[in-house]
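Structural features, examined
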Amino acid sequence: MNFDSSRRSSFKKMILGGAAMGTMSSFDWKEDQAPLQLKGNIKHGVCAWTMPSLSLDELCVAVKKIGFNAIDLVGPGGWDTLKKHDVECSMCNGAELGIPKGWNDPQYHEQLIKNYTELIPQVAKYGYKNLICFSGNRNGMDDEVGMKNCAEGLKKIIGVAEKHNVIIQMELLNSKVNHKDYMCDLSPWGVELCKMIGSENFKLLYDIYHMQIDEGDIIRSIQTNGQYFGHYHTAGNPGRNELDENQEINYPAVMRAILATGYKGYVSHEFIPKSDDKIAALAQAVQVCDV
């Protein structure tokens, strides 16, 4: 191939690539259309709090219209509603004391142990698998001390989780923009905690948006430590908005990396739509990540 034809071929690929990106901004799915024809490789979910204008009933109906059936971060009070719509709770909550007050501080252990010991059997009774937890903020605490404190406390509930086949998932959150002073803000710290606990019933909730901010190198992290990641969240960066061409994360490539690890769990969308049509924005994110 001579230089001119090679250049023309490259130019053609650029044009086609631009057209593919353009489909993200021109996505115009409407709620009265048929559900998306998804490939079935990625199990999609959405975090309930990102759609505050919808009741849980309405959100259940919306996700079914898009073509998936899982919602994250719903506590026991919402589980009967999910069951009514045959929608999965892909990440349960309700035992934690909030993000700043977590397992790294022994003063909260007694209450956390009580909360989790009581809630884990309920999670299992409803047929769910995942229950979220948080490290807590540093408040001047050394990271190594905090890790040991987390391990000490979590080991007191991990037997209950193993008995009921529930996975306790500590979320990785950025401490640069959204959660100042949060301790579990880097995946190597979380991975070491997983190794210290030594149970398949404790894993990390790897939030792609948060880790893009605090450490980057997302795909390499997934390739290296995917065995410790039990759940994923998405959002566009910067801004925590749509997964479109106005943000920097190449979500199709990240999804392919996740699938390459053999992951079979959920990828739940946790972005705040700027669009007036929130459900169409969610459908767009599902399409972008459906590799």
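Scroll up a little and you will see the structure.
Computed from a predicted model, the values in this text were never measured in an experiment.

Cut-offs applied
- Residues numbered from 1 in each chain as written.
- Predicted model: local features only at pLDDT ≥ 70, side-chain atom pairs only at ≥ 80, totals over all residues.
- Heavy atoms only, no water.
- 1 Å grid on protein atoms, 1.4 Å probe; cavity = no way out; pocket = protein on both sides within 12 Å on 5 of 7 lines; lining within 4 Å.
- Points joined across faces, edges and corners; volume = space filled by probe spheres on them.
- Nonpolar A, V, L, I, M, F, W, Y, C, P; charged D, E, K, R; others polar.
- Salt bridge = Lys/Arg side-chain N within 4 Å of Asp/Glu carboxyl O.
- Helix = DSSP H or I, 4+ residues; strand = E, 2+ residues; numbered from the N terminus.
- Buried < 20%, exposed > 50% of the residue type's maximum accessible area, 1.4 Å probe, protein only.
- Pairing = 2+ DSSP bridges.
- Right-handed = clockwise from strand over helix to strand, strands pointing away.

This paragraph deals with empty space enclosed by the protein. Summary: where empty space remains is shown by rolling a probe the size of a single water molecule over the atoms. Evaluated as defined, the whole model comprises one cavity of 30 Å³ or more. Of the voids in this model, the largest cavity is the one considered here, and its volume is about 30 Å³. If you trace the largest cavity, you find it lined by Asn41, Ile42, Lys43, Leu259, Tyr263, Lys264, Gly265 and Val267. The residue inventory of the lining of the largest cavity, partitioned by class, reads four nonpolar, two polar and two charged.

Before going further, it helps to spend a moment on the pattern of salt bridges. In total, this model carries nine salt bridges according to the counting rule given. Lys203 is the partner of Glu200 in a salt bridge, and the nearest nitrogen-oxygen pair spans 3.1 Å. Taking the shortest distance from any N to any O, the salt bridge between Glu270 and Arg240 comes out at 3.4 Å. A residue pair is termed long-range when its members are at least 10 positions apart, and Glu270 in the loop between β8 (266–269) and α10 (278–289) and Arg240 in the loop between β7 (229–234) and α9 (251–260) qualify at 30 residues. No difference in accessibility class separates Glu270 from Arg240, as the two residues are buried.

Of all five residues making up strand β3 (residues 88–92), four are buried, and the element is well covered by its neighbours. As judged from the four bridges shared by strand β2 (residues 70–74) and β3, these two strands associate in the parallel manner. Across the sheet, the residue bridging to Ala70 is Glu88, located in β3. The handedness of the β2 to β3 crossover, carried by helix α3 (residues 76–84), is right-handed.

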